[in-house]
Amino acid sequence: MYLNNITEAIGNTPLVKLQKVTEGIRGTVLAKVEYFNPGNSVKDRMAVKMIDDAEKAGILKPGGTIIEGTSGNTGMGLALAAIAKGYKCIFTMSDKQGQEKRDILKAVGAEIIICPTNVAPDDPRSYYSVARKLNAEIPNSFYPNQYDNLSNTAAHYETTGPEIWQQTEGKITHFAAGVGTGGTISGISKYLKEQRPELVTVGLDTYGSVFKKYKETGIFDENEIYPYKTEGIGEDILPKNVDFDLIDLFIKVADKDAAVMTRRLAREEGLFVGWSCGSAVYGALEYAREHLTEDDTMVVVLPDHGTRYLAKIYNDDWMREQGWL
Ligand code: PMP
């Protein structure tokens, strides 16, 4: 029994019951632990799907170069797929992402270009703009554009959604996930709501991001945009992969609350996970505390692994510098 290459190990991640952090909450809260994917994150699923779909559409050809703006995890998934299929990778990254994420991508052979975080998305220096420019300049290159490429949502509709439905034997009543590109929440929610239309989907957002206000008012409010520290969720754009009709409500989670909850997940649950996992669990439990009944089952997605945050939230000195410890 063996796999033909490492990308075949993507998916079928475990669902683990949260035991301690859920104290005082009625109902069952289960975590979908996505660091079990070979690239240690949920993004492996959509990375492979974006490449497969581009090959099928004839957009990506042999010997091609994949160019993407990524906070790290998508890059890892793309790099694994690129190795399996013989493509080169160039990734643009914002300078707020941890050093670990840069080193990890270099380790798997990608070229990294660091861009400033605090510039507007349409500024020529932004990591979105630099990726687009390289795509225009480099022959036989492919820019997956994870924000607007609907293969992202489709990957979760086809794999993560059905896995959760089967693992809960159809008992899931509530679903929660952080929202960055929106692919995870939209794809899973679409599948689950097709099985159970009354299922409630909770999106976790950050302070400094536009999603919650947009859902509640329909207004893209630039005053909502300001720097924050949590990596991987919240946006200053409205990606096509965020399907607001499939997300019933958003809850914003502060950087500190997310960081402290992430550390609790490691120590109290044995789940050594990434920062946005703390955001997801903190926000999900805020909702669960008020709304879950004994018979309810909530699933929350934990997107990535703790190794990527050792120099930040898992470092006591860094936590003290933020005034969070
Ligand atoms: N958490 C982390 C650590 C991520 O890298 C991402 C991807 N941006 C997300 C959460 C959000 O997932 P999605 O892009 O599917 O909304």
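One can find the structure itself at the top, above this paragraph.
Below you will find a few notes about this structure. (Residues numbered from 1 in each chain as written. Predicted model: local features only at pLDDT ≥ 70, side-chain atom pairs only at ≥ 80, totals over all residues.)

Re the packing of helix α1 (residues 43–56) against helix α5 (residues 151–167)
Viewed as axis vectors pointing N to C, α1 and α5 meet at an angle of 115 degrees, and their least axial separation amounts to 8 Å. Considering the relative orientation of α1 and α5, their crossing is right-handed. Taking contact as the criterion, the partners of Arg45, Met46, Lys49, Met50 and Asp53 in α1 are, on α5, Ser151, Asn152, Ala154, Ala155, His156, Thr159 and Thr160. A class-by-class count of the residues in the contact of α1 with α5 yields four nonpolar, five polar and three charged. (Axes fitted to C-alpha atoms, helices over the stretch in contact; angles between N-to-C directions. Helix = DSSP H or I, 4+ residues; strand = E, 2+ residues; numbered from the N terminus. Left-handed = near helix turned anticlockwise from the far one by under 90°. Contact = placed C-beta atoms within 7 Å. Nonpolar A, V, L, I, M, F, W, Y, C, P; charged D, E, K, R; others polar.)

Examining the site of the ligand
Around the ligand sit 18 residues, and of these Gly180, Thr181, Thr184, Gly232 and Ser276 come closest. No other element matches helix α6 (residues 183–195), which puts three residues into the shell around the ligand. The residue makeup of the shell around the ligand, split by class, is four nonpolar, 11 polar and three charged. Counting contributing residues, the shell around the ligand receives three or more from each of domain 1 (6–37 + 160–320) and domain 2 (43–142). (Near = placed C-beta within 6 Å. Domains from an automatic or database assignment.)

Notes on the sheet that holds strand β2 (residues 28–33)
Within the open sheet, the six strands sit side by side as β1-β2-β10-β7-β8-β9. Their pairing is mixed. Unpaired on one side and paired on the other, β1 (15–17) and β9 (249–253) mark the two borders of the sheet. The mean angle between the axes of side-by-side strands here comes to 25 degrees, regardless of whether they run parallel or antiparallel. As defined by bridge partners, strand β8 (residues 200–206) adjoins β9 across five bridges and the pair is classed as parallel. When the sheet's bridge partners are listed, Asp205 is paired in β9 with Lys252. (Pairing = 2+ DSSP bridges.)

Functional significance is not addressed by these values, which are geometric in nature.
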